[in-house]
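Observations on the model geometry
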Amino acid sequence: MRGYLIPSPLPTRRNRTCSAIEGEYVPVEGDEVSYKICSIPPKHEKVQAVEVTITHLKPGTKHETWAGRVVSS
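Rules and cut-offs
- Residues numbered from 1 in each chain as written.
- Predicted model: local features only at pLDDT ≥ 70, side-chain atom pairs only at ≥ 80, totals over all residues.
- Heavy atoms only, no water.
- Helix = DSSP H or I, 4+ residues; strand = E, 2+ residues; numbered from the N terminus.
- Buried < 20%, exposed > 50% of the residue type's maximum accessible area, 1.4 Å probe, protein only.
- Contact = heavy atoms within 4.5 Å.
- Areas by Shrake-Rupley, 256 points an atom, 1.4 Å probe, with all protein chains shown as cover.
- Salt bridge = Lys/Arg side-chain N within 4 Å of Asp/Glu carboxyl O.
- Polar contact = N/O pair within 3.5 Å; in protein donor to acceptor, adjacent residues only side chain to side chain.
- pLDDT = per-residue confidence, 0-100.
- Pairing = 2+ DSSP bridges.

Some details on the overall build of the protein chain
When its secondary structure is counted, the protein chain shows zero helices and five strands. Secondary structure of the protein chain in N-to-C order comes out as β-β-β-β-β. Looking at the 73 residues of the protein chain, the share that counts as buried comes to 14%. Look at the contacts in the protein chain between residues 6 or more apart in sequence, and 51% of them connect residues 24 or more apart. For the protein chain, the computed accessible surface area is about 6300 Å², with 55% contributed by carbon and sulfur atoms.

So this is what it looks like as structure tokens:
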């Protein structure tokens, strides 16, 4: 089996996106988020947050959408 690599479901440098945040809004300090922790190959010494989703927007703040529109919450 030498030279055979098992595909990994973990994000690698080649398939990482610019943002790991899902949803319409850019998070701001005070927003509640949910996420999963994933180790980064090849050595798995570092971790990163994946599947980040804003669960509650902080009331009374302005939130920007990924398209650049500003919305008050």
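Some details on the pattern of salt bridges
As a working rule, side chains carrying opposite charge can pair if their charged atoms are close by. On inspection of all chains with the given rule, the structure shows two salt bridges. One salt bridge in this structure joins arginine 69 and glutamate 24, with 3.3 Å as the shortest N-O distance. Highlighted residues: arginine 69 in the loop between β4 (62–64) and β5 (70–72) and glutamate 24 in the loop between β1 (21–22) and β2 (32–40), separated in sequence by 45 residues. Lysine 36 is the partner of glutamate 51 in a salt bridge, and the nearest nitrogen-oxygen pair spans 3.3 Å. Residue glutamate 51 is located in strand β3 (residues 46–56), and its partner lysine 36 is located in strand β2; the two are separated by 15 residues in the primary sequence.

Notes on the side chain of histidine 63
Summarising the element assignment, histidine 63 is placed in strand β4. In terms of polar contacts, histidine 63 uses its side chain to reach the side chain of threonine 61, at 3.4 Å.

Regarding the confidence of the model for the protein chain
If pLDDT is low for a region, its predicted coordinates should not be looked at in detail. Of the residues in the protein chain, 71% reach a pLDDT of 70 or more, and the chain-wide mean stands at 78. Looking at the elements of the protein chain, mean pLDDT is at its lowest for β1, recorded as 77, and at its highest for β4, recorded as 90.

Examining unusual backbone geometry
Following proline 41, the chain continues to proline 42 via a peptide bond in cis, the omega torsion being 10°. Considering the arrangement of structural elements, one finds proline 42 in the loop between β2 and β3. Located in the positive-phi region is histidine 44, a residue other than glycine, with phi close to 60°. Along the chain, histidine 44 falls in the loop between β2 and β3.

Details of the pairing of β3
Bridge count between β1 and β3: two bridges; the pairing is parallel. Within β3, the residue paired with glutamate 22 across the bridge is threonine 53. Alignment of β2 against β3, held across eight bridges, turns out to be antiparallel. By the bridge assignment, serine 34 is partnered in β3 with threonine 53. Hairpin remark: β2 followed by β3, antiparallel, with five residues in the connecting loop; positive phi at histidine 44, about 60°.

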